Amino acid sequence: MNSDLLYQGSDLMLDRLPLATIAREYGTPVYVYSASSIRGQVTRLMQSLGTIGSLRYAVKANANPTLLALIFNMGLGADTVSRGEIQEALDAGCPADRIVFSGVGKTQEELTFALDHGIFINAESEEELATIARLRTGVHVGIRINPGIDAHTHRYVTTGTEESKFGIPVDAAPDAFRLAMDAGLVPDTISCHIGSQITSLEPYRKSLARLLELRDSLMGNGISVSTLDVGGGFAINYGEGADFAVEDLQALLRRDVPQGMKLWFEPGRYIVGHAGTLVTRVLYRKRYTRTFVVVDAGMNDLIRPALYQSHHAILP
Ligand SMILES: *Cc1c(COP(=O)(O)O)cnc(C)c1O
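- As named in an unreviewed UniProt entry, the protein is Diaminopimelate decarboxylase, taken from Candidatus Cryosericum odellii.
- The UniProt entry for the protein carries this comment under Catalytic activity (unreviewed entry): "meso-2,6-diaminopimelate + H(+) = L-lysine + CO2".
- Listed in UniProt under the heading Pathway (unreviewed entry), the comment for the protein reads: "Amino-acid biosynthesis; L-lysine biosynthesis via DAP pathway; L-lysine from DL-2,6-diaminopimelate: step 1/1."

This is how it looks when you write it as structure tokens:
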């Protein structure tokens, strides 16, 4: 829940502003975001992970232009999954050299757009690598690995197991790096993203071990890796428990990652998940065996509970 939400008398306040006033001024349903909540989350990330690597905000978590500008102003880069998201990141002031283009289904047109703008690409298949090499040679690319790790989160947001469409299985990765080299690309980054709303350190410890193992075997074959992109997935609490302890991840990485290796992180939910409030108005009440309170916001405004049983606290 948003910790910047407080009652003052019977008024529900967000960042000391009464939400009822905003509802009167802008109508309902309306999304209201707390800038101070976002700043607080970004600051915690920068004070721990930002000291050992660079942070790229996963734009799909929320692509509101004002929020993007706020986040990029604090120095974060962007993790994007479409030409539209790349454009939104650029428009909101994110420098091209801090944007990563991820996603399993990039079209040739999108790849061309990214290459023309000097945007780093994390490739997710051998065929995508071949397509990039046909378009341009000499470019540095990342290869997304599927480490075969269960992140123990909701199955709709689990991306790092063998059943998942994302990335290249770790066993096939050395050949993919070789293929990229032979095609004239410079594959210098191993990337992964094993899921979302990950609450414990263990999945990260396991996937990091796989990435480092792969890096060693690539080195033995004359392929040098400069960067590890460990993805996002840091959980936030939805009313009980605590947010993912980014400080513990920092300690793990400091211990296990060799000196000189660059690190990237792609948090999304962790940055904006606490900040949003959907303000909606009660329209009708229906009292049968169950009582229903009908409001003016529906699944079109908030799909997450219906999509994957997400939890959202409700405050009158
Ligand atoms: C969704 C996604 C992220 C961010 O995930 P969060 O759980 O929001 O932190 C990072 N990287 C990639 C490639 C993604 O698809």
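### Digging into the overall build of the protein
Turning to step 1, where the next piece is worked out: When helices and strands are tallied, the protein shows eleven helices and 16 strands.
Turning to step 2, where the next piece is worked out: Since a compact globule built from 316 residues should have a radius of gyration of about 20 Å, the 21 Å found for the protein is in line with a globular shape.
Turning to step 3, where the next piece is worked out: Seen through its principal axes, the protein has C-alpha atoms that stretch 70 × 40 × 40 Å.
Turning to step 4, where the next piece is worked out: Split into buried and exposed, the 316 residues of the protein put 47% on the buried side.
Turning to step 5, where the next piece is worked out: For the protein, contacts bridging at least 24 residues in sequence account for 63% of all contacts bridging at least 6.
Turning to step 6, where the next piece is worked out: Carbon together with sulfur atoms contributes 51% to the accessible area of the protein, which is approximately 15800 Å² in total.

### Thoughts on a nonpolar patch on the surface
Turning to step 1, where the next piece is worked out: Nonpolar side chains collect at one region of the surface, where Tyr156, Met299, Ile303 and Leu307 lie side by side and expose about 430 Å² of accessible area between them.
Turning to step 2, where the next piece is worked out: Relative to the elements of secondary structure, Leu307 occurs in helix H11 (residues 304–308).
Turning to step 3, where the next piece is worked out: The exposure class assigned to Leu307 is partly exposed, which follows from its relative accessible area of 45%.

### A closer look at the domain arrangement of the protein
Turning to step 1, where the next piece is worked out: Under the domain assignment, the protein is made up of domain 1 (5–30 + 281–308) and domain 2 (35–272).
Turning to step 2, where the next piece is worked out: When each unit is reduced to the centre of its C-alpha atoms, the spacing between domain 1 and domain 2 is 35 Å.
Turning to step 3, where the next piece is worked out: The interface of domain 1 with domain 2 comprises four residues on the first partner and seven residues on the second.
Turning to step 4, where the next piece is worked out: Roughly 410 Å² is buried in total at the junction of domain 1 and domain 2, and carbon and sulfur atoms are behind 46% of that figure.
Turning to step 5, where the next piece is worked out: When the buried surface of domain 1 facing domain 2 is broken down by residue, Asp15, Arg304 and Tyr308 rank first, second and third, together holding 87% of it.
Turning to step 6, where the next piece is worked out: In this structure, the connection of domain 1 to domain 2 is made through zero salt bridges.
Turning to step 7, where the next piece is worked out: Where domain 1 touches domain 2, the interface holds two residue pairs in polar contact (both at pLDDT 80 or more).
Turning to step 8, where the next piece is worked out: Residue composition of the side of domain 1 that touches domain 2, grouped by class: two nonpolar, no polar and two charged.

### Here's the deal with a negative patch on the surface
Turning to step 1, where the next piece is worked out: A grouping of Asp150, Glu162, Glu163 and Asp171 is seen on the molecular surface, where their side chains present a negatively charged patch.
Turning to step 2, where the next piece is worked out: Assignment of secondary structure puts Glu162 in the loop between strand S9 (140–146) and strand S10 (168–169).

### Focus: the pattern of salt bridges
Turning to step 1, where the next piece is worked out: Enumeration according to the criterion identifies nine salt bridges in this entry.
Turning to step 2, where the next piece is worked out: Linking Lys106 and Glu128 is a salt bridge whose minimum nitrogen-to-oxygen distance equals 2.7 Å. Of this pair, Lys106 sits in the loop between strand S7 (99–101) and helix H5 (108–116) while Glu128 is found in helix H6 (residues 126–135), placing the two residues 22 residues apart along the sequence.
Turning to step 3, where the next piece is worked out: Overall, the relative accessible area of 11% leaves Lys106 in the buried class.
Turning to step 4, where the next piece is worked out: Of the charged contacts, one joins Arg215 and Asp216 as a salt bridge, the two residues approaching to 3.1 Å between their closest N and O atoms.

### Here's the deal with the nonpolar core
Turning to step 1, where the next piece is worked out: Of all hydrophobic cores here, the largest spans 73 residues; its most connected members are Leu49, Phe234 and Phe265.
Turning to step 2, where the next piece is worked out: Sorting elements by how many residues they give to this core places helix H8 (residues 202–220) first, with six residues.
Turning to step 3, where the next piece is worked out: What Phe265 contacts, discounting residues up to four positions off in sequence, is Leu49, Ile52, Gly53, Ser54, Leu55, Arg56, Val230, Gly231, Phe234, Leu249 and Leu253.
Turning to step 4, where the next piece is worked out: In this structure, Leu14, Leu19, Ile22 and Ala23 belong to the second largest nonpolar core, which totals nine residues.

Parameters at a glance
Residues numbered from 1 in each chain as written. Predicted model: local features only at pLDDT ≥ 70, side-chain atom pairs only at ≥ 80, totals over all residues. Heavy atoms only, no water. UniProt positions renumbered as here; feature names shortened; annotations may be inferred. Helix = DSSP H or I, 4+ residues; strand = E, 2+ residues; numbered from the N terminus. Rg over C-alpha atoms; globule rule 2.2 N^0.38 Å. Buried < 20%, exposed > 50% of the residue type's maximum accessible area, 1.4 Å probe, protein only. Contact = heavy atoms within 4.5 Å. Areas by Shrake-Rupley, 256 points an atom, 1.4 Å probe, with all protein chains shown as cover. Patch = residues over 30% accessible without salt bridge, like charges linked within 9 Å, V, L, I, M, F, W, Y side chains within 5 Å. Salt bridge = Lys/Arg side-chain N within 4 Å of Asp/Glu carboxyl O. Domains from an automatic or database assignment. Buried area = accessible area lost by both parts, 1.4 Å probe. Polar contact = N/O pair within 3.5 Å; in protein donor to acceptor, adjacent residues only side chain to side chain. Nonpolar A, V, L, I, M, F, W, Y, C, P; charged D, E, K, R; others polar. Lys, Arg positive; Asp, Glu negative; His and termini not counted. Charge placed at Lys NZ, Arg CZ, Asp CG, Glu CD. Core = buried A, V, L, I, M, F, W, Y, C linked by side-chain atoms within 4.5 Å.

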